[in-house]
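Below, each chain spelled out in residue letters.
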Amino acid sequence: MSASGGTKAIVAALGANLAIAVSKFVAFAFSGSSSMLAEGVHSVADSGNQALLLIGGKKAQRAATPQHPFGYGRERYIYAFLVSIVLFSVGGMFAVYEGYEKIVHPHEIKHWYWPVGVLVFAIIAEGFSFRTAIKESNELRGSHSWSQFIRRAKAPELPVVLLEDFGALIGLVLALGGVGLALLTGDGVWDGIGTVCIGVLLILIALVLAAETKSLLLGEAAGPEETAKIEAAMVDGDTVTGIIHMRTLHLGPEELLIAAKIAVRHDDTAAEVARAIDAAEARIRAAVPIARVIYLEPDIYSDAAAAAGPDPAATPGGPTPSLDGH
């Protein structure tokens with residue numbers, strides 16, 4: 001996923017949310033609607049989230065250092081995880097609390113035209129932001145469904161903006177419903193119920209974002225398509241006759257680490273193996289340009305070793321041998 005596409009969607013969402021936040025707080029000041037207050041805080045939280053994504057994208061561009069030899073690509077994952085925390089706490093929990101207070105202590109909505117007008121304006125502005133995010137995502141989504149795109153995307157920005165904008169649009173409809181029912185019935189409890197629904201929605205979206213970004217932080221492998229391209233490019237059938245085992249890891253959305261043990265012929269010279277490794281690396285980078293770090297270890301293929309399978313103790317995350325060697 002390109003950083004430029006994500007940045008365009010973030011900037012569009014940031015501009016929309018800042019304008020919407022101001023209008024919601026004005027509406028709250030004139031009407032006293034708790035849905036407007038919750039939606040205003042939601043828009044402020046969203047604006048802060050987009051600022052966090054922009055900061056993460058900027059920090060991720062720093063060059064590698066001796067202390068961080070693989071660079072700072074994962075900064076984008078860290079800031080995306082912070083977004084989920086802000087959305088959960090500032091957005092969701094505040095809305096639930098505010099809605100509960102309004103249900104327990106309801107009061108009449110004044111100057112109804114303020115919240116209704118602001119909600120209509122907010123729906124239009126959020127719709128523009130959501131349309132931009134959809135357009136940018138469609139360029140990368142391919143044949144995947146939207147749920148598959150959100151689960152499999154290695155760059156967090158577009159999935160975050162998509163879910164935020166989707167949640168904002170649903171929340172605005174809930175707020176409009178709560179305000180409308182409160183006006184029709186004269187009972188402010190409906191405004192509180194709409195606010196609680198907004199809070200629950202934001203919490204659910206925050207949990208989805210947290211789960212997805214947690215997986216990215218832990219380290220995800222290359223997708224099936226990239227893995228197939230890497231395997232096809234690595235083996236030339238001449239010197240590199242096969243792949244004994246391979247591991248891939250995303251160091252960032254556009255940075256992939258590849259480590260593999262490759263099979264070579266027993267009678268190849270060291271110079272021939274070295275040339276074959278260099279050629280394999282060049283083929284891999286041509287097939288998968290985000291393959292930035294490649295480590296290939298040559299070995300003699302053994303049918304017996306292959307039949308025995310990999311050693312679990314030598315695999316990251318595998319069982320740790322005890323001190324007595326068992």
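It should be emphasised that the depicted structure is a prediction, and the values quoted were computed from it without experimental measurement. (Residues numbered from 1 in each chain as written. Predicted model: local features only at pLDDT ≥ 70, side-chain atom pairs only at ≥ 80, totals over all residues. Heavy atoms only, no water.)

Draft legend 1. Region of interest: the layout of surface pockets. By volume, the largest pocket amounts to about 710 Å³. Looking at the largest pocket, it is lined by 26 residues, and the ones nearest its centre are L140, R152, K154, E225 and E226. Looking at the lining of the largest pocket, the elements that each hand over two or more residues are α4 (113–141), α5 (146–152) and α8 (224–234). Ranked by residues supplied to the lining of the largest pocket, first place goes to α8 with four residues. The residue inventory of the lining of the largest pocket, partitioned by class, reads 13 nonpolar, six polar and seven charged. (1 Å grid on protein atoms, 1.4 Å probe; cavity = no way out; pocket = protein on both sides within 12 Å on 5 of 7 lines; lining within 4 Å. Points joined across faces, edges and corners; volume = space filled by probe spheres on them. Helix = DSSP H or I, 4+ residues; strand = E, 2+ residues; numbered from the N terminus. Nonpolar A, V, L, I, M, F, W, Y, C, P; charged D, E, K, R; others polar.)

Draft legend 2. Structural context of the packing of helix α2 (residues 34–59) against helix α7 (residues 189–218). Where α2 contacts α7, the axes come no closer than 8 Å and their chain directions differ by 20°. When the axes of α2 and α7 are compared, the pair comes out roughly parallel. Regarding α2 and α7, the two cross each other, and that crossing is left-handed. Residue-level contacts link S34, S35, A38, E39 and H42 of α2 to D191, G192, G194, T195, I198 and L202 of α7. Broken down by class, the residue content of the contact of α2 with α7 amounts to three nonpolar, six polar and two charged. (Axes fitted to C-alpha atoms, helices over the stretch in contact; angles between N-to-C directions. Parallel < 35°, antiparallel > 145°, perpendicular 65-115°, else oblique. Left-handed = near helix turned anticlockwise from the far one by under 90°. Contact = heavy atoms within 4.5 Å.)

Draft legend 3. Looking closely at the sheet that holds strand β3 (residues 291–300). Taking strand neighbours across the sheet as the criterion, the three strands line up as β1-β2-β3 in an open arrangement whose pairing is mixed. Looking at strand neighbours, the two that pair on one side only are β1 (240–252) and β3, the edges of this open sheet. Across the sheet, the axes of successive neighbouring strands diverge by a mean angle of 15°, strand direction being ignored. When strand β2 (residues 255–264) meets β3, the two strands line up parallel, connected through nine bridges. The residue of β3 that forms the bridge with L257 is V293. Contacts from helix α9 (residues 270–287) reach β1, β2 and β3, with the element oriented near 145° to β3. (Pairing = 2+ DSSP bridges.)

Draft legend 4. Representation of α7 within the structure. Taking 1.5 Å as the rise per residue, α7 with 30 residues should run 44 Å; its terminal C-alpha atoms sit 43 Å apart, in good agreement. Looking one or two residues beyond α7, the residue adopting positive phi is G219, at roughly 110°. (Expected span 1.5 Å × (residues − 1).)

Draft legend 5. Spatial organisation of helix α6 (residues 157–185). The end-to-end C-alpha distance of α6 is 42 Å, a good match for the 42 Å that 29 residues give at a rise of 1.5 Å each. Taken from the residues just after α6, G186 is the one with a positive phi, measuring 75°.

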